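# Structural characterization, general
The lines below spell out each chain.
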Amino acid sequence: MLNQELVGLGKKRSTIREIFEYGNARAKEVGRGNIFDFSIGNPNVPAPESVRRELLALLESGDPVALHGYTSAQGAEWVRESIAQSLNRRFCTRYTAGSIYMTAGAAAALSICFKTVTSSPADEIIVFAPYFPEYKVFIESGAGARCVEIPARPEDFQIDFGALERSLNEHTRAVVVNSPSNPAGAVYSEETLRRLAELLREKSGLFGHTIYLVSDEPYREIVYDGLPLPCPASFYAPTLMCYSYSKSLSLPGERIGYVAVPDVPEAASLYAGICGAGRVLGYVNAPSLFQHIAAKCAEETADLSIYAENRRILYEGLTKLGYRCVKPGGAFYLFPQTLEPDDRAFCERAKKYDLLLVPGSDFGAPGHMRISYCVQTSQVERALPLFARLAEEYGIR
Ligand code: PLP
């Protein structure tokens, strides 16, 4: 008997993937340039020149084992050491090579962490809606635990501390934060992280076990208007930092990231659990060639300036047209309200103009749409008149 839960998951493509495939089919009919595909978070800027240089140098070095061989399960020691030092320089943390576990992107980092911190179907992990939809898959189908969704404050997508406090209980094993967030672009301030840390410390004491903070940070480098981006791990020690080079270095297909395990009393078991989860999930080791790149280019980024420009044009353009939207502080998504309560119907209607948008329901926040603006600026500019025509259909303007 096959595992029907997995069969179901495999059959049901995510809406984002479905829209992406629809866009590909439609592009064949009307030409790629006439499709306004705002569905997927695939960075459109090239990786930095240093990545290409390092890759060429590595390939020419001719040491096949160092390049393509297995590394230790947690990643090559020199790579982990180099990443730990880079983190410590930037965030005043105290990581060592023994704190870092290299992964195939943030997706693997998250699924490993969720599996490590839960052990029973009654265990709960809290996520703030709107949230990256794969959290639920990793928590429920991957770790076999419960995913508890708490709506963020609708006016700014920040944490609703009252709702969080009411949801924390003896089954809570972890809380997930994602700052800057996908899909709302919410950035948490120092004050928010301090308050969150105090609450988690208090509740951990009350329930007699550590409530971990899982900090999902693939958009760490994409922050606007000089907003400070405090590091969650420096406010709350039991933080599992999950990082990815997919967005900062524009390398999503290469699958490289890491988990940074905190210096807490149970660190040795926690790290062993992370290694065990990686083993159970069959990751073996993170891609070897890109471990080198992660170490060599840890503090580089692709040219991310296009995202700031796209955000400005889109946010200003849409709000002028009458769309209601919280201004994102980071990442490369806008999450406006749809012009009718049924976000799926709205996104379906938008297809008439070849505007491909993702319904907010997919992120746990109906009545919204996600616009992924990691596209050419000219596409954003050409899309605005189409958003205007769409608004006119709803009698706006
Ligand atoms: N977390 C968030 C919030 C994301 O948006 C994504 C990808 O878009 C991921 C995790 C997974 O990223 P990766 O490519 O590193 O697996």
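A quick note: this is a predicted structure, and the numbers were derived from the prediction, not measured. (Residues numbered from 1 in each chain as written. Predicted model: local features only at pLDDT ≥ 70, side-chain atom pairs only at ≥ 80, totals over all residues. Heavy atoms only, no water.)

### Focus: the overall build of the protein
- If you tally the helices and strands in the protein, you get 14 helices and 12 strands.
- The globule rule puts the C-alpha radius of gyration for 397 residues at 21 Å, and the 21 Å found for the protein is close to it.
- Seen along its three principal axes, the alpha-carbon backbone of the protein occupies a region of about 60 × 55 × 55 Å.
- Taken across its 397 residues, the protein has 55% of its residues classed as buried. (Helix = DSSP H or I, 4+ residues; strand = E, 2+ residues; numbered from the N terminus. Rg over C-alpha atoms; globule rule 2.2 N^0.38 Å. Buried < 20%, exposed > 50% of the residue type's maximum accessible area, 1.4 Å probe, protein only.)

### As for the layout of surface pockets
- Space inside the largest pocket adds up to approximately 1300 Å³.
- As for the largest pocket, its lining consists of 45 residues, of which Ser14, Ile16, Phe132, Pro133 and Glu134 are closest to the centre.
- Among the elements of the structure, α1 (4-11), α2 (15-30), α6 (105-117) and α7 (134-142) are those that each provide at least two residues to the lining of the largest pocket.
- Ranked by residue count, the leading element in the lining of the largest pocket is α7, at 7 residues.
- Residues of the lining of the largest pocket, tallied by class, amount to 18 nonpolar, 14 polar and 13 charged.
- Volume-wise, the second largest pocket comes out at about 280 Å³.
- Residue lining of the second largest pocket: 14 residues in total, with Arg32, Asp37, Cys374, Val375 and Gln376 positioned closest to the centre.
- In the lining of the second largest pocket, the residues fall into 8 nonpolar, 4 polar and 2 charged. (1 Å grid on protein atoms, 1.4 Å probe; cavity = no way out; pocket = protein on both sides within 12 Å on 5 of 7 lines; lining within 4 Å. Points joined across faces, edges and corners; volume = space filled by probe spheres on them. Nonpolar A, V, L, I, M, F, W, Y, C, P; charged D, E, K, R; others polar.)

### Concerning the domain arrangement of the protein
- Here the domain parsing of the protein yields domain 1 (4-48 + 302-392) and domain 2 (69-296).
- Each of domain 1 and domain 2 has a C-alpha centre, and the two are 26 Å apart.
- Contact between domain 1 and domain 2 buries roughly 2300 Å² in total, counting both sides, with carbon and sulfur atoms accounting for 63%.
- At the boundary of domain 1 with domain 2, the tally comes to 1 salt bridge.
- The salt bridge partner of Asp225 is Arg311, with a shortest N-O separation of 2.9 Å.
- Those elements giving two or more residues to the side of domain 1 that touches domain 2 turn out to be α1, α12 (305-321) and β9 (333-334).
- By residue number, the principal contributor to the side of domain 1 that touches domain 2 is α12, which donates 3 residues. (Domains from an automatic or database assignment. Buried area = accessible area lost by both parts, 1.4 Å probe. Salt bridge = Lys/Arg side-chain N within 4 Å of Asp/Glu carboxyl O.)

### With respect to the nonpolar core
- Ranked by size, the top nonpolar core spans 40 residues in total, and within it Phe38, Tyr307, Leu355, Leu357 and Phe387 carry the most contacts.
- The dominant element in this core, judged by the number of residues it contributes, is helix α14 (residues 377-393), at 8 residues.
- Counting residues domain by domain, this core receives three or more from each of domain 1 (4-48 + 302-392) and domain 2 (69-296).
- Excluding anything up to four places from it in sequence, Phe38 contacts Leu355, Leu356, Leu357, Arg370, Ile371, Ser372, Val375, Gln379, Val380, Ala383 and Phe387. (Core = buried A, V, L, I, M, F, W, Y, C linked by side-chain atoms within 4.5 Å. Contact = heavy atoms within 4.5 Å.)

### Re the site of the ligand
- Contacts to the ligand come from 15 residues, most closely from Ala106, Asp216, Tyr219, Ser244 and Arg255.
- Contact distances for the ligand include 2.7 Å between an oxygen atom and a backbone N or O atom of Ala106.
- A distance of 2.9 Å is found between an oxygen atom of the ligand and a side-chain nitrogen or oxygen belonging to Lys247.
- When atoms are counted within 2 Å of each cavity's grid points, the one that captures over half of the ligand is the largest pocket.
- Here the element with the most residues in the shell around the ligand is α6; it accounts for 4 residues.
- Counted by class, the shell around the ligand contains 7 nonpolar, 5 polar and 3 charged residues. (Near = heavy atom within 4 Å. Polar contact = N/O pair within 3.5 Å; in protein donor to acceptor, adjacent residues only side chain to side chain. Sits in = over half its atoms within 2 Å of the grid points.)

### Observations concerning the packing of aromatic side chains
- One pass over the structure, following the stated rule, counts 15 aromatic pairs.
- Summarising the aromatic geometry, the rings of Phe346 and Tyr394 are spaced 5.6 Å apart at their centres and angled 40 degrees between planes, so their arrangement reads as tilted. Of the two residues, Phe346 is situated in helix α13 (residues 343-350) and Tyr394 in the segment after α14; the sequence distance between them amounts to 48 residues.
- Put simply, the rings of Phe114, Tyr131, Phe132 and Tyr135 touch in pairs and so form one group of aromatic residues.
- Taking NZ or CZ as reference, Arg349 lies 4.7 Å from the ring centre of Tyr394, over its face.
- For the cation-ring pair, Lys351 lies above Tyr22, with the distance from its terminal atom to the ring centre recorded as 4.4 Å. (Phe/Tyr/Trp six-rings, centres within 6.5 Å; stacked < 30°, edge-to-face > 60°. Lys NZ or Arg CZ within 6 Å of the ring centre and 35° of its normal.)

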